[in-house]
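# Descriptive analysis of the structure
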Amino acid sequence: LDVVATLACQQQHTHEMATWIHEEPDPAVQKVRVGTLNLGMCRKVEEFVSVLEENKVDVIGLQECYEDMIRRTTATTLSHWYVHSATTWCATSLNVLLSRYPLKDIEVAPLNTNPLDKRTAVMATVVVGGSVGEVRVCVTHLNHIEEPARLAEWRALGPYLSAIDVVLADLNALNFHDYNDEELATLKAARASSNWESPKWDLLDTIQRRAFSIASSKGETGTCRFDTRIDYVLTRNERIAVSDNPVDVPEGSVQQPSTIHTEELTAVQPSANPGDVPSEGAEDTGAQPHLTVKRRGLVDTRGWLTDHCLLWADIEVYQS
């Protein structure tokens, strides 16, 4: 496996926490903002860094990232960040985990054996410290042609998923609940006219029946150039619960609501279905989540940075 596990710039890192644009945190509550963005092979370093800074993202998963793009980014403006990456689907495209916090227990999982459409998952533990401690994160980008291939790739993640808290991904997969009847009819017609795969829901149904919930915002017009939602922040139920009513920050805005009225959730327990994809890891223990997602946002970067939107979610943990 061709892996760029640790780029040269990381060797120069010290373990000092970088200065960042965050308000002073409540000592009893720690927030980590995680995000995902398919860069679409763009090389706009300054614009990319500006998006991260303006939206105060702490940990981001990148798909379709050129190696020289991430080298230039981490060699200059983000030289204090930590990075781990692996090639995927073509020799020049990387899945990248970029974090202002140190990374440890780095792994790369091959998701298929197709040399013409190589798919991988990048995994690492983000060492946040304080009341949060550690969060296990996975970055991946699944097949863009057909649902059976995506299901097989997700199945290949099975041995790793029980340890993963957050998935930052371009799944190239649709969620049935995102579309009303009119939107669904339009989507089916558009795909039929372009000889594209008809809408399939198997992967997201499987993911949500099992151990993960969707923590990211849908967006008013989807997350990619086709106005469909294929990019996701997923959180593992028995560790991270999504609020019944998460606050959706207006698109493109970094303003935070002054008062948040939401309640703590217990985990939504996944159901066992004999027809599902085989087990994704350890059986659900019914444990209560240690973290919650209460705020999330979407920044429409389509047309000026890439063909996808930046999605982010705030993970909050409370000291017991």
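Scroll up to find the structure this text is about.
Just so you know, these numbers come straight off a predicted model, no measurement behind them.

### Side note on the overall build of the protein
Helix and strand counts for the protein come out as six helices and 14 strands. Taken over 320 residues, the protein has a buried fraction of 55%. Looking at the protein alone, contacts between residues at least 24 apart form 71% of all its contacts between residues at least 6 apart. Accessible area of the protein: about 14100 Å², with a carbon and sulfur share of 50%.

### Digging into the state of the cysteines
Here is the idea: a disulfide is a covalent bond, and it sits between the sulfur atoms of two cysteines. Following the criterion strictly, the structure yields zero disulfides and no others. In this structure Cys42 is not part of a disulfide, and its nearest cysteine sulfur, from Cys65, lies 7.8 Å away. Of the residues examined, Cys42 reaches a relative accessible area of 9% and is grouped as buried. Relative accessible area serves as the criterion here: at 0%, Cys65 is assigned to the buried category.

### Observations regarding the pattern of salt bridges
Scanning all chains against the criterion turns up 17 salt bridges. Here Asp227 makes a salt bridge to Arg302, at a shortest N to O gap of 3.3 Å. With Asp227 in the loop between strand 10 (212-214) and strand 11 (231-236) and Arg302 in the loop between strand 13 (291-299) and strand 14 (310-318), this residue pair connects regions lying 75 residues apart in the sequence. In this structure Asp227 comes out as partly exposed when scored by relative accessible area, which is 47%. Shared partners join several salt bridges into a network, and the residues in it are Arg33, Arg295 and Asp314.

### Observations concerning the side chain of Arg150
Along the chain, Arg150 falls in helix 3 (residues 147-156). Residue Arg150 is classed as buried on the basis of its relative accessible area of 2%. There is a polar contact of 2.8 Å between the side chain of Arg150 and the side chain of Glu147. Beyond its immediate chain neighbours, meaning those up to four positions away, Arg150 contacts Leu142, Asn143, His144, Ile145, Leu171, Asn172, Ala173, Glu197 and Leu203.

What counts and how
- Residues numbered from 1 in each chain as written.
- Predicted model: local features only at pLDDT ≥ 70, side-chain atom pairs only at ≥ 80, totals over all residues.
- Heavy atoms only, no water.
- Helix = DSSP H or I, 4+ residues; strand = E, 2+ residues; numbered from the N terminus.
- Buried < 20%, exposed > 50% of the residue type's maximum accessible area, 1.4 Å probe, protein only.
- Contact = heavy atoms within 4.5 Å.
- Areas by Shrake-Rupley, 256 points an atom, 1.4 Å probe, with all protein chains shown as cover.
- Disulfide = S-S within 2.5 Å.
- Salt bridge = Lys/Arg side-chain N within 4 Å of Asp/Glu carboxyl O.
- Polar contact = N/O pair within 3.5 Å; in protein donor to acceptor, adjacent residues only side chain to side chain.

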